[in-house]
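# Examining the three-dimensional arrangement
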Amino acid sequence: MAGCELCEAARLTTWYHEDDVCWVADCEICCVPMVVWRDHAVDPPPHVRTHMVTALTRVADEVLGAGTWSLDDVMRQIPDHFHAHARDPHWWVRRTERMVRRAGAGSDTGAGGGLGGGGRPGGRAVP
Ligand SMILES: [Zn+2]
Ligand SMILES: [Zn+2]
């Protein structure tokens, strides 16, 4: 779908895997591996979902370490295109550090958002 970041599949980060069904790459925002369905839809059939989780597991076990991460399939940023993150306990810290490095002080990264989902830093970062 035009204008959808996930459909565009811009290779701004490290890509670990791709096939006919999905691709796995570092999330530009969270700095953790995420799997993205090639279809612009939210509800993959069970075998497709299993395929994607398997692909993500293979990557995340290698990148983050087996047993250190958990699957997060809540689609906060892009609610109409299926994707799932592999989050380790430190992803939030790493993300904040990177944001600070990139943006300098004074951005809204610290503002009451957290996992509650309220205040996310607006939109996509311009490199
Ligand atoms: Zn899409
Ligand atoms: Zn992310």
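Definitions and limits used
Residues numbered from 1 in each chain as written. Chains lettered and ligands numbered in written order. Predicted model: local features only at pLDDT ≥ 70, side-chain atom pairs only at ≥ 80, totals over all residues. Helix = DSSP H or I, 4+ residues; strand = E, 2+ residues; numbered from the N terminus. Buried ≥ 20, exposed ≤ 12 C-beta atoms within 10 Å, placed from the backbone. Contact = placed C-beta atoms within 7 Å. Pairing = 2+ DSSP bridges. Axes fitted to C-alpha atoms, helices over the stretch in contact; angles between N-to-C directions. Core = buried A, V, L, I, M, F, W, Y, C linked by C-beta atoms within 7 Å.

What follows concerns the overall build of the protein. Within the protein, the regular secondary structure consists of three helices and five strands. Starting at the N terminus and ending at the C terminus, the protein contains elements arranged as α-β-β-β-α-β-β-α. In the protein, which comprises 127 residues, the share counted as buried stands at 18%. Partitioning the contacts of the protein with sequence separation of at least 6, the portion at a separation of at least 24 is 49%.

Next up on the list: the sheet that holds strand E5 (residues 83–87). Strand order in the open sheet formed by five strands is E1-E2-E3-E5-E4, and the pairing between neighbours is antiparallel. At either end of the open sheet lies a strand with only one pairing partner, and these are strand E1 (15–18) and strand E4 (70–72). When the angles between neighbouring strand axes are averaged without regard to direction, this sheet yields 20°. Here strand E2 (residues 22–26) pairs with strand E3 (residues 33–37) via five bridges, running antiparallel. Opposite valine 24, over in E3, you have valine 35 as the bridge partner. Lying over the sheet, helix H2 (residues 46–65) contacts E1, E2, E3, E4 and E5, oriented at roughly 160° with respect to E3.

What follows is about the nonpolar core. Considering soluble globular proteins, one finds that nonpolar side chains tend to be buried as a cluster. Ranked by internal contacts, the top residues of the largest apolar core, which has 19 residues, are Cys22, Val24, Val35 and Leu56. Breaking this core down by element, the ones donating at least two residues are E2, E3, H2 and E5. The element contributing the most residues to this core is H2, with five residues. Setting aside residues up to four positions removed in sequence, leucine 56 forms contacts with Val24, Pro33, Val35, Ala84 and Ala86.

What follows covers unusual backbone geometry. Phi at alanine 9 takes a positive value of approximately 50°, unusual for a residue other than glycine. If you trace the backbone, alanine 9 turns up in the loop between helix H1 (5–8) and E1. Assessed through the 14 C-beta atoms surrounding it within 10 Å, alanine 9 is described here as partly exposed.

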